[in-house]
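Overview (structure and organization)
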Amino acid sequence: MSEHGIAAGGDVRGGENESMTLVAWSGDLDKIWPALILGSTGAAYGMNVTIFFTFWGLFPLVRDDVRITGADAMTKALAGMNRPGIGHMKLSKLNMAGMGPWMMRKLASDQKVAQPHELIEMCLELGVNLWPCEMSMDLLGLRKDQLIEGVGEPVGAATALSEMSKSKINLFI
Amino acid sequence: MELQVAKTIDAKGQKCPMPVLLAARGIKELSAGEVMVIEATDGGSRSDIPAWARDTGNELVESSSENGVHRYVIRKT
């Protein structure tokens, strides 16, 4: 049925290897975190998992040490007001100028809940496809070399939709 | 009956979904027929590990709990 048959998800046995596609459109810590939990768990389940990162969702894919991204004054200002990198994501509510995310990470660390950057590593290790949206990269002035190692080649909406049409589970987070 | 354990995964203290992720990572390194032990303290693992084993086609040989540590024996099929 799947003519692509890309073997993701490692060699964990999973019946006929069902697929799950997540669209991560939000850079909010409280959305990207559960998206990474579901993505990595899906791969652990032997599913072929793809996460398509678009709009603000691209910023968590930028390496934490990249201070500013952007191709011109406007896209640079965007990154200046909204620092990229998984370590700099904000909460959608109770952000409190960074206190909220700090507390959330502290709680997670105290209770041994995996941090977002650990989950990204797990995703890569378990073979999750991390696909950056090409159009959003151009729009936000992001370059491939500014993204973390291991993400796939930038793709378009049609490629994402093609994957979604083959997926049993599709989520927009 | 003594089982030959090829690998032991220590997921104690770790919360959902880490026990399942560590189990999935661990079982990739086993050959069919080999046995892996997973130890976890997360209460969610009591439903998650058996479900994961079943859905990935592996065999949950036994599970037990002692002093808050849940222990699962999984055979890769």
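Model, not experiment: these values are computed from the prediction.

Attention now moves to the confidence of the model for chain A. Residues and elements named next belong to chain A. Confidence along chain A averages 90 in pLDDT terms, with 91% of residues attaining 70 or more. Mean pLDDT across the elements of chain A ranges from a minimum in helix 2 (residues 73–81), with 91, to a maximum in strand 1 (residues 19–24), with 98. Scored below 50 in pLDDT, residues 1–15 shows 32 contacts in the model against residues more than four places distant or in partner chains.

What follows covers the sheet that holds strand 3 (residues 59–66) of chain B. Residues and elements named next belong to chain B. One open sheet holds the 4 strands; their spatial order is 1-2-4-3, and the pairing between them is mixed. The sheet terminates laterally at strand 1 (5–11) and strand 3, the two strands that pair on one side only. Across the sheet, the mean angle from the axis of one strand to that of its neighbour is 15°, orientation sign disregarded. Here 7 bridges tie strand 3 to strand 4 (residues 69–75), and the two strands are oriented antiparallel to one another. By the bridge assignment for strand 4, Leu60 is matched with Ile74. Taken strand by strand, helix 1 (residues 18–28) contacts strand 1, strand 2 (35–40) and strand 4, and its axis lies near 155° from that of strand 1. Sheet strands touched by helix 2 (residues 45–55): strand 2, strand 3 and strand 4. Its angle to strand 4, the strand with the most contacts, is close to 5°.

Each partner contributes to the interface: chain A provides 19 residues, whereas chain B provides 19 residues. At the boundary of chain A with chain B, total buried surface from both sides reaches about 1700 Å², with 63% on carbon and sulfur atoms. Here chain A and chain B share 1 salt bridge between them. The closest approach of N and O atoms between Glu125 of chain A and Arg25 of chain B, which form a salt bridge, is 3.0 Å. Remark: the boundary between chain A and chain B carries 6 residue pairs in polar contact (both at pLDDT 80 or more).

A word on the pattern of salt bridges. Residue and element names in this part refer to chain A. Counting across every chain of the model gives 14 salt bridges over all chains. One salt bridge connects Arg63 with Asp65, and the closest N-O pair in it is separated by 3.2 Å. Exposure remark for Arg63: the relative accessible area of 30% places this residue in the partly exposed category. Here Asp65 falls in the exposed class, since its relative accessible area comes to 57%. One salt bridge in this structure joins Lys106 and Asp110, with 2.9 Å as the shortest N-O distance. With Lys106 and Asp110 both in helix 3 (residues 99–110) and 4 residues apart, this pair spans about one turn of that helix.

Basis of the calculations
- Residues numbered from 1 in each chain as written.
- Chains lettered and ligands numbered in written order.
- Predicted model: local features only at pLDDT ≥ 70, side-chain atom pairs only at ≥ 80, totals over all residues.
- Heavy atoms only, no water.
- pLDDT = per-residue confidence, 0-100.
- Helix = DSSP H or I, 4+ residues; strand = E, 2+ residues; numbered from the N terminus.
- Contact = heavy atoms within 4.5 Å.
- Pairing = 2+ DSSP bridges.
- Axes fitted to C-alpha atoms, helices over the stretch in contact; angles between N-to-C directions.
- Buried area = accessible area lost by both parts, 1.4 Å probe.
- Salt bridge = Lys/Arg side-chain N within 4 Å of Asp/Glu carboxyl O.
- Polar contact = N/O pair within 3.5 Å; in protein donor to acceptor, adjacent residues only side chain to side chain.
- Buried < 20%, exposed > 50% of the residue type's maximum accessible area, 1.4 Å probe, protein only.

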